[in-house]
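# Tertiary structure, described
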Amino acid sequence: MPNSPELITDLTQLAQWVQAQSAAGLSVGLVPTMGALHAGHLSLVESAAQHSDSVLVTIFVNPTQFAANEDLQQYPRDLEGDLQLLQSVAKVTVFAPTVADIYPLENSTARNVESNKLDDVAMRWEGERRPGHFLGVTTIVHKLFTLTKPQIAFFGRKDYQQLRVIEQLTEERQHNIKIVGCPIVREEDGLAMSSRNAYLTTAQRTQATAIYKGLQTACNMANNMEMAATELQDVVRKQLANAEINGIDYVAVVHPKSLEPLALLDRTEQIKQIKLGAIILVAVFVGNTRLIDNIFIPPNNS
Ligand code: PAF
C-alpha cells in the first residue's frame, strides 16, 4: 500500500525538514502549487523526483495573487485528495502552510517584492488584465524559495508568462535555483489541464476544446507557410468564434522571451520573427471561467 506523503503544516517543522535535507546532502526539488492537483501537477512532481533527491510540493492558495473580483473564495481546495494523489510518487513531502504563517502581519498582503522590480514581461498580457497578479505570484514564490531553499524548482509551461516572470525573479533576487519549465499536460481532447476546468459545465467543457484546436491549426500553418502574426491570431480567433467563445481577452503571437507582440512589427519582420520561434498566447472566458493556454511555434530554418 502506498503511504500518504509526510505533511508539514508549520514553519518550525519546515525549517527542520530543510535543515535535515541539507545535513544529509540531499538536493531538494520544489513544486509550488495551489492544490486541487491533477495530472499536470503530477508531471511536475515526477520531473522533480527524477531530478532531485527529495521533492517538496507546496500547497497554498495564495490570496495576494487574486484580485478582489477573482475566484479566491471559490478556488477548489482538497488537501485530502491532493495527498492521496501524491501517494503514487516516492520521496514527496508536502508543505501546506496557513495564510497567517506566510503573511504573519495583518495587511501583510503588503507585497515585499517591489513593483518596480517587475519589468515589461510582467506588465503585459496577464499583468495588464490582472493588476497585482504577478506581484502576488512573485511575493509567494520569493517567500517559498527563501523558506524551502531548493536547488531546482518546477513550473508548468501552461502559465508561460508566469514561468518567464519567475525566471526573471530568480535572476533579480539572486536565488541560486534552477528553474525548469515542464510541458503542458492536456486532456485527450487537447484542453490544457487546469484546476479551473472544474468550473466548466459539460457544454462549456466541449466549447473549450476550440482553444487548443485554434492554437494547433495556427501552429501548423506557421510551420508550413509564411504567415504574419496578425493572420495567425485571426486563425485562432476564427476557431474560437466557431465554438461561440466570444469572451476573448487576448490572442497574441509574441516573442518567446520578451513576450512582445509581433503584430506591432511590419509584415516582413513578423514573418522573420515567427521563423525564429514564437509563442501564441490565449486568454478567454468560457462562461465565467477564464482559461489560458499557449503553443510554441518552433524555429523554422527552411
Ligand atoms: O501556478 C500556480 O499554481 C501559482 O501561481 C503558484 C506558482 C503556485 C504561486 O502561487
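Source: prediction; values computed, not measured.

A few words now on the overall build of the chain. Across its full length, the chain holds 12 helices and nine strands. For 302 residues, the compact-globule formula gives about 19 Å, and the C-alpha radius of gyration of the chain, at 20 Å, lands near that figure. Burial status across the chain gives 53% buried among its 302 residues. Within the chain, contacts between residues separated by at least 24 positions form 75% of all contacts whose residues are at least 6 apart in sequence.

This brings us to the packing of helix α10 (residues 209-224) against helix α11 (residues 229-242). Two packed helices can be described by the angle between their axes and the distance between those axes. It is the contact of α10 with α11, at a shortest axis distance of 8 Å, that shows an interaxial angle of 150°. Viewed along their axes, α10 and α11 adopt a mutual orientation that is roughly antiparallel. α10 and α11 meet at a crossing whose hand is right-handed. Each of Ala-210, Ile-211, Lys-213, Gly-214, Leu-215, Thr-217, Ala-218, Met-221 and Ala-222 in α10 lies in contact with α11, whose residues at this interface are Leu-232, Val-235, Val-236, Gln-239 and Leu-240. Residue composition of the contact of α10 with α11, grouped by class: 10 nonpolar, three polar and one charged.

Taken together, the residues surrounding the ligand are Pro-32, Thr-33, Met-34, Asn-62, Gln-65, Ile-140, Phe-155 and Gln-162. In this structure, an oxygen atom belonging to the ligand sits 2.7 Å away from a side-chain N or O atom of Gln-162. Within the complex, 88% of the 290 Å² of free accessible area of the ligand lies under protein. Considered class by class, the residues forming the shell around the ligand number four nonpolar, four polar and no charged.

The next thing to look at is the packing of aromatic side chains. One pass over the structure, following the stated rule, counts four aromatic pairs. Arranged with centres 5.8 Å apart and planes meeting at 75°, the rings of Phe-66 and Tyr-75 form a pair that is edge-to-face. Tyr-75 shares its class with Phe-66; the two are buried. Of note, Arg-186 hangs over the ring of Tyr-212, and the distance from its end group to the ring centre comes to 3.6 Å.

Spatially, β7-β8-β9 is the arrangement adopted by the three strands of the open sheet, whose pairing is antiparallel. At either end of the open sheet lies a strand with only one pairing partner, and these are β7 (247-254) and β9 (289-297). Here the average twist between neighbouring strands, direction ignored, is 10°. Here strand β8 (residues 278-286) pairs with β9 via nine bridges, running antiparallel. Counterpart to Phe-285 in the pairing with β9 is Arg-290. Packed onto the sheet, α10 meets β8 and β9 and runs at close to 20° relative to β9.

In this structure, Asp-293 sits in strand β9. A relative accessible area of 4% places Asp-293 in the buried class. Separated by 134 residues in the primary sequence, Asp-293 and Asp-159 have C-alpha atoms spaced 7.4 Å apart. At 2.9 Å, the side chain of Asp-293 and the side chain of Arg-186 are in polar contact.

This next bit is on the pattern of salt bridges. Close approach of charged atoms allows side chains with opposite charge to pair. Applying the stated rule across the entire model yields 14 salt bridges. Of the charged contacts, one joins Glu-128 and Arg-129 as a salt bridge, the two residues approaching to 3.8 Å between their closest N and O atoms. On the basis of relative accessibility, which here comes to 54%, the residue Glu-128 falls in the exposed class. For Lys-158, the salt bridge is made with Asp-159, and the minimal N-O distance between the two is 4.0 Å. Accessibility expressed as a relative area gives 15% for Lys-158, which makes it buried. Here the salt bridges share partners, and the residues they tie into one network are Glu-126, Glu-128, Arg-129, Asp-249 and Arg-290.

Moving on, we come to the sheet that holds strand β6 (residues 178-182). Read from one edge to the other, the open sheet built from six strands follows the order β1-β4-β3-β2-β5-β6, with strand pairing classed as parallel. The outermost strands of the open sheet, each flanked by one partner alone, are β1 (6-8) and β6. Within the sheet, the average angular offset between the axes of one strand and its neighbour, ignoring direction, is 25°. Relative to strand β4 (residues 92-95), β1 runs parallel, the two sharing three bridges. Opposite Ile-8, over in β4, you have Phe-95 as the bridge partner. Contacts between helix α8 (residues 160-172) and the sheet are confined to β5 (152-156) and β6, with β6 contributing the most and set at about 175° to the helix.

Here is what the cut-offs are and how they apply
Residues numbered from 1 in each chain as written. Predicted model: local features only at pLDDT ≥ 70, side-chain atom pairs only at ≥ 80, totals over all residues. Heavy atoms only, no water. Helix = DSSP H or I, 4+ residues; strand = E, 2+ residues; numbered from the N terminus. Rg over C-alpha atoms; globule rule 2.2 N^0.38 Å. Buried < 20%, exposed > 50% of the residue type's maximum accessible area, 1.4 Å probe, protein only. Contact = heavy atoms within 4.5 Å. Axes fitted to C-alpha atoms, helices over the stretch in contact; angles between N-to-C directions. Parallel < 35°, antiparallel > 145°, perpendicular 65-115°, else oblique. Left-handed = near helix turned anticlockwise from the far one by under 90°. Nonpolar A, V, L, I, M, F, W, Y, C, P; charged D, E, K, R; others polar. Near = heavy atom within 4 Å. Polar contact = N/O pair within 3.5 Å; in protein donor to acceptor, adjacent residues only side chain to side chain. Areas by Shrake-Rupley, 256 points an atom, 1.4 Å probe, with all protein chains shown as cover. Phe/Tyr/Trp six-rings, centres within 6.5 Å; stacked < 30°, edge-to-face > 60°. Lys NZ or Arg CZ within 6 Å of the ring centre and 35° of its normal. Pairing = 2+ DSSP bridges. Salt bridge = Lys/Arg side-chain N within 4 Å of Asp/Glu carboxyl O.

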